[in-house]
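# Observations on chain architecture
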Amino acid sequence: MIFIISSPSGGGKGTIIAHLLQSFPTLEFSVSATSRKPREGEQDGVNYYFVSPEEFKRKIANDELIEYEEVYAGSYYGTPKSEIDRIQRKGHHVVFEVDVKGGIKLKKIFGEKALSIFIMPPSIEELRRRLIGRATEPLDVIEKRVAKAALELSYAEQYDRVLVNDDLNLAKAQADEIIRQYIDRETIG
Ligand code: 5GP
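Sequence order as written defines the numbering, with residues in each chain counted from 1. Local features in this predicted model are restricted to residues of pLDDT 70 or higher, and side-chain atom pairs are both shown and tallied only at a pLDDT of 80 or more, whereas totals for entire chains, interfaces and linings draw on every residue. Calculation of side-chain values draws on the structure's entire complement of heavy atoms; hydrogens and water are dropped beforehand.

## Overview of the pattern of salt bridges
- Basic side-chain nitrogens of Lys or Arg form a salt bridge, by our definition, when they fall within 4 Å of a carboxyl oxygen of Asp or Glu. Summed over the entire model, instances satisfying the criterion amount to 18 salt bridges.
- Residue Glu-42 is joined to Arg-36 by a salt bridge in which the shortest nitrogen-to-oxygen separation is 2.8 Å.
- Residue Glu-137 is joined to Arg-134 by a salt bridge in which the shortest nitrogen-to-oxygen separation is 3.6 Å.
- Exposure is judged per residue with a 1.4 Å probe applied to protein chains only, and the accessible area is read against the type maximum: over 50% gives exposed, under 20% gives buried, and values in between give partly exposed. By relative accessible area, Glu-137 is classed as buried at 12%.

Okay, here's the thing in structure tokens:
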């Protein structure tokens, strides 16, 4: 089983995914490769495989990535094929956390084997407030992410499920429910 989760930056996907990984021990996060620099507290091989732009290009040339995007100018992100092998060898379900273009590509590749979930922030204004509150990026970067978010929201309708993250606890419970239904359905038949 493959779960594809997308939302604009600050949409709450990080918190919801962390919650899902705790709730379902058979879910496993697919670690992407990125050419962006690690943020405070991020670990190589856990949050991302942090690589140089040259190393990222080599991965593309060697056909090591199922999909990749330049999500923000100069910052590349991609899904290594090796992650799917690693996770599926253990018999675990794969969780992809990717941008909207990557999400749509992955859904096309995996079709019925994948469920795509879009986490929708309550509003663009609220998104800006969250990003400023999180304070992991300078203001000019935040404004770029907010502008991009408006465009990203227009992709929501192409996802299998849309989860509105207004009340975080409610969103977590709804996410649990979606995953449980899907895993149960697979197990039953
Ligand atoms: P951040 O820099 O905040 O960690 O992530 C920026 C964006 O890149 C997020 O929207 C995240 O979902 C996306 N992203 C992370 N990994 C991948 C990936 O492997 N492929 C694609 N297409 N997007 C990714």
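## Remarks on the packing of aromatic side chains
- Each aromatic pair joins two rings of Phe, Tyr and Trp (for Trp, the six-membered one) with centres within 6.5 Å, and gets the label stacked for planes under 30 degrees apart, edge-to-face for over 60, and tilted for any other angle. With the rule as written, the count across this model stands at seven aromatic pairs.
- Judged by centre distance (5.7 Å) and plane angle (65 degrees), the ring pair of Tyr-48 and Phe-50 falls under edge-to-face.
- In this structure Tyr-48 comes out as buried when scored by relative accessible area, which is 14%.
- Cluster of aromatic residues (ring-pair linked, three or more members): Tyr-48, Phe-50 and Tyr-77.
- Lying across the ring of Tyr-72, Lys-148 places its NZ or CZ 5.6 Å from the centre. Any Lys NZ or Arg CZ found within 6 Å of a ring centre and within 35 degrees of that ring's normal is scored as a charge over the ring.

## Points about the site of the ligand
- Working definition: residue near molecule or strand if any one of its non-hydrogen atoms lies within 4 Å of it. Residues in contact with the ligand amount to 17 residues; listed here are only the nearest, Ser-32, Tyr-48, Glu-67, Tyr-77 and Glu-97.
- Pairs of N or O atoms are called polar contacts if they sit within 3.5 Å, as long as, within protein, a hydrogen donor faces a hydrogen acceptor (for residues adjacent in sequence, only side-chain-to-side-chain pairs). At 2.7 Å from an oxygen atom of the ligand is found a side-chain nitrogen or oxygen belonging to Ser-32.
- The side chain of Asp-99 places a nitrogen or oxygen atom 2.7 Å from a nitrogen atom of the ligand.
- Computed on the free molecule, the ligand has an accessible area of 510 Å², of which 95% lies beneath the protein chains in the complex.
- Strands here mean DSSP runs of E at least two residues long; helices mean DSSP runs of H or I at least four residues long; both are numbered from the N terminus. At the level of elements, β5 (65-72) and β6 (75-80) are the ones that each hand at least two residues to the shell around the ligand.
- Split into classes, the residues belonging to the shell around the ligand amount to five nonpolar, four polar and eight charged. Per-residue and other accessible areas follow the Shrake-Rupley method at a 1.4 Å probe size, with only the shown protein chains counted as cover for residues. When residue character is reported, Ala, Val, Leu, Ile, Met, Phe, Trp, Tyr, Cys and Pro are called nonpolar, Asp, Glu, Lys and Arg charged, and the others, Gly included, polar.

## Digging into the packing of helix α5 (residues 124-134) against helix α6 (residues 139-153)
- Two elements in contact, α5 and α6, have axes separated by 10 Å at closest approach and are oriented at 145 degrees. The chirality of how α5 crosses α6 is right-handed. The residues of α6 that touch α5, namely those facing Ile-124, Leu-127, Arg-128, Leu-131, Ile-132 and Arg-134, are Leu-139, Ile-142, Glu-143, Arg-145, Val-146, Ala-149, Ala-150 and Leu-153.
- Along the lines of polarity and charge, the residues of the contact of α5 with α6 split into 10 nonpolar, no polar and four charged. Working convention: axes come from line fits to C-alpha atoms, limited for helices to the stretch in contact. Angles between N-to-C directions cover 0 to 180 degrees. A clockwise turn of the near helix away from the far one marks a right-handed crossing, whereas an anticlockwise turn of less than a right angle marks a left-handed crossing. Any pair of residues with heavy atoms lying within 4.5 Å of one another is described as a contacting pair.

## Thoughts on the sheet that holds strand β3 (residues 32-34)
- DSSP calls a pair of strands paired once it identifies at least 2 bridges connecting them. One open sheet holds the four strands; their spatial order is β4-β3-β6-β5, and the pairing between them is mixed. Looking at strand neighbours, the two that pair on one side only are β4 (48-50) and β5, the edges of this open sheet. When the angles between neighbouring strand axes are averaged without regard to direction, this sheet yields 25 degrees.
- The sheet contact formed by β3 and β6 spans two bridges and is antiparallel. Residue Thr-34 lies in a different strand from β6, and its bridge partner there is Tyr-77.
- The strands touched by helix α4 (residues 100-110) within the sheet are β5 and β6, with β5 carrying the most contacts at an inclination of about 165 degrees.

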